[in-house]
Each structure stands twice: as C-alpha cells, then as structure tokens.
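Here is what each chain is made of, one letter per residue.
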Amino acid sequence: MPPDQPVLLKIVGYTDDKIPCAEFFKRNADGGLFCINKSITMEAEMKKEEASEAAKSTKRKLAQFDGAKNVPSGGSLPNPTLPNKGQYFEVHVPFAVNPYNFFVQPLESRNKLHKMMEQLQERYKNIQYSPLTVDQIIPGNIYASKYDDNCWYRTSVIKVIHSGSISVFYCDFGYYANLTVQQLIPLDVDFMQLPYQALKAKLSDIKPKHSKWTMEDCEDFKKLLEKKHFYSVLLDMEKDELYESDIVLKLILIDTSSNEDIYIVV
C-alpha cells in the first residue's frame, strides 16, 4: 500500500476495547477488487511453508550423520557441481597446506560467493552475542561465525565436545577451527542456497622426495598456490581418510597467467 494511493476500507468488527478491525481492498488491472489482508496472509503462509520445508529437508539430511567421521565438512549445504573426469575446471586456491592437502573454489561461482559475503557482513554487522546454548548446536548444521579477520563466514559444525570446544569448518574457504558456543550465530535461510565452496584437493601423481612433505616443501607450495587462479583437470576422486563423508579431488593444476602454461608439479 504505497503512500497517497486510495484504497477501499471495510470495518468488519471491533476489539473488546472498541478498536475497529478493518479489511483493505484494492482494484487490480482488470478493475476487480482484491482483499489486501488476505494477500498478506497468503504470502505469510507461503513463506512459513517454504521455511518449514527447508527445515524438514535440513533435518532429513542431518539425520544421516552419525558421529564426526560421518559429518561432511560442507554440512547441510548443497554440494557444488563438479566437472566430469578429464574435463577442465577453473579454480581459485584460498588455502593450501601441502600438495596432498589444499582447497579449491569453483571459479564460475566466485562472483556469487563475493556477493553473498557482502550480504553476510551487512546482515550480521550489529550482532553482539549468540542466543544459542550448547544443546542447540547440531553437527552438520550451518551457522555464522567470525574468523580471525573479523569477518563473518558460513560455518558448519563437525563435532560438539563441550560449550567451550566445538569443531567447525569454514565451508567456503577451507579452514578448520575450534569455537565456543558463544561464537556461533543462527544463519538465516537466505544464506543456505549457495553450495559450499571449499573443495578438498590434492595434486595427482606426485610424491614427496622423502617420507613426507618437509616444512620447506609446504612453504614453497603455499607461496606457489595460495590466492591464485588456475586451470585444473579433474583426474579422479577419493574419500578423505579423516572425514569419511568428504571427497578429495585429484587434480592437475595449470598456471596460465603467463604466455607459457606451467604445470604445477612442485
């Protein structure tokens, strides 16, 4: 009901303290009347039903999880679309530990991720405390929490140890952490639509020179990959040894930022 726009009003009754109860009517493009009250009620009921269905879907998905090993790091968020084996796959690397342990984000959804992050900061900028108690924290569920950079992120719960130690995963950027219950905020359903963006990955067909990757290997690898875009080829997928419900992408990474394509082989 925009300001200054005429509407028809009908008094349909009174409250106990004599306040009139009214229905408002407006003409549609065909000249017919429709009841604004009923339109508002129908819209509210539809939103309520949508929220209820979303909650049921989340509950069904969470019911599959049995202990920390079976809780996927992406929690109840949708899975991102993956290419077929052998196809090129443009990625961004937000975080890297070593050639067997790094994360990639699909480059095609990077703009959607940035837009969602901006909206997330705006929505939660005035939040001062959490209304949650530890018994309300459900493994696999998605919350909002701040990282070390003081920004809000979508956060999935892996395991609840106690109120001061909850294992979580920042499911769009690839960081694991332990938080307190006071650091987790209920996440609005608006932020549940975008699939989780942090995909576990490893370089294919390489091995460390020694029995394991050295600190120098890891530092060189981080400098080589972090915060950069690459073309990749998906060769295969395997289960994560620590998190049985997660998959690890076996990739070939190709740096195309110069005139010559450079294959990352460490």
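Definitions and cut-offs
- Residues numbered from 1 in each chain as written.
- Predicted model: local features only at pLDDT ≥ 70, side-chain atom pairs only at ≥ 80, totals over all residues.
- Heavy atoms only, no water.
- Helix = DSSP H or I, 4+ residues; strand = E, 2+ residues; numbered from the N terminus.
- Buried < 20%, exposed > 50% of the residue type's maximum accessible area, 1.4 Å probe, protein only.
- Contact = heavy atoms within 4.5 Å.
- Areas by Shrake-Rupley, 256 points an atom, 1.4 Å probe, with all protein chains shown as cover.
- Pairing = 2+ DSSP bridges.
- Axes fitted to C-alpha atoms, helices over the stretch in contact; angles between N-to-C directions.
- Phe/Tyr/Trp six-rings, centres within 6.5 Å; stacked < 30°, edge-to-face > 60°.
- Salt bridge = Lys/Arg side-chain N within 4 Å of Asp/Glu carboxyl O.

As annotated in an unreviewed UniProt entry, the chain carries the name Tudor domain-containing protein and is attributed to Molorchus minor.

When its secondary structure is counted, the chain shows three helices and 14 strands. Classification of the 266 residues of the chain by burial places 36% in the buried group. Partitioning the contacts of the chain with sequence separation of at least 6, the portion at a separation of at least 24 is 59%. Put simply, the chain shows about 16,600 Å² of open surface, and 52% of that area lies on carbon and sulfur atoms.

On to the sheet that holds strand E9 (residues 175-179). The five strands lie next to each other as E9-E8-E7-E6-E10, forming an open sheet whose pairing is antiparallel. For this open sheet the edge positions go to E9 and strand E10 (185-186), each flanked by a neighbour on one side alone. Inspection of the sheet shows strand E6 (residues 142-146) paired to strand E7 (residues 152-162) by five bridges, in the antiparallel sense. Its bridge partner lying in E7, Ser 145 is registered against Tyr 153. Sheet contacts for helix H2 (residues 110-124): E6, E7 and E10; angle to E7, the most-contacted strand, approximately 70 degrees.

Our focus in this paragraph is the packing of aromatic side chains. On inspection of all chains with the given rule, the structure shows 15 aromatic pairs. Centroid distance Tyr 88 to Tyr 231: 6.2 Å. Interplanar angle 85 degrees. Geometry classified as edge-to-face. Residue Tyr 88 is found in strand E4 (residues 88-98), and its partner Tyr 231 is found in strand E12 (residues 228-239); the two are separated by 143 residues along the sequence. For Tyr 88, a relative accessible area of 58% puts it in the exposed group. Judged by relative accessible area, which is 32%, Tyr 231 ranks as partly exposed. Pairing Phe 95 with Tyr 175 gives two aromatic rings, centres 5.1 Å apart and planes at 80 degrees, and the pair type is edge-to-face. In this pair, Phe 95 sits in strand E4 while Tyr 175 sits in strand E9, placing the two residues 80 residues apart along the sequence.

Time to look at the pattern of salt bridges. Opposite charge on two side chains lets them pair, provided their charged atoms get close. Considering all chains together, one arrives at nine salt bridges under this definition. Close ionic contact of Asp 172 with Arg 154 constitutes a salt bridge, the shortest N to O distance being 2.8 Å. Placement of Asp 172 in the loop between strand E8 (165-170) and E9 and of Arg 154 in strand E7 is noted, with a sequence separation of 18 residues between them. A salt bridge links Lys 200 to Asp 240, with the shortest nitrogen-to-oxygen separation between them at 2.6 Å. Taken together, the residues span a long stretch of sequence, with Lys 200 in strand E11 (residues 199-203) and Asp 240 in the loop between E12 and strand E13 (247-255) at a distance of 40 residues. For Asp 240, a relative accessible area of 14% gives the class buried. Members of the salt-bridge network, linked through shared partners, are Arg 123, Asp 188 and Asp 190.

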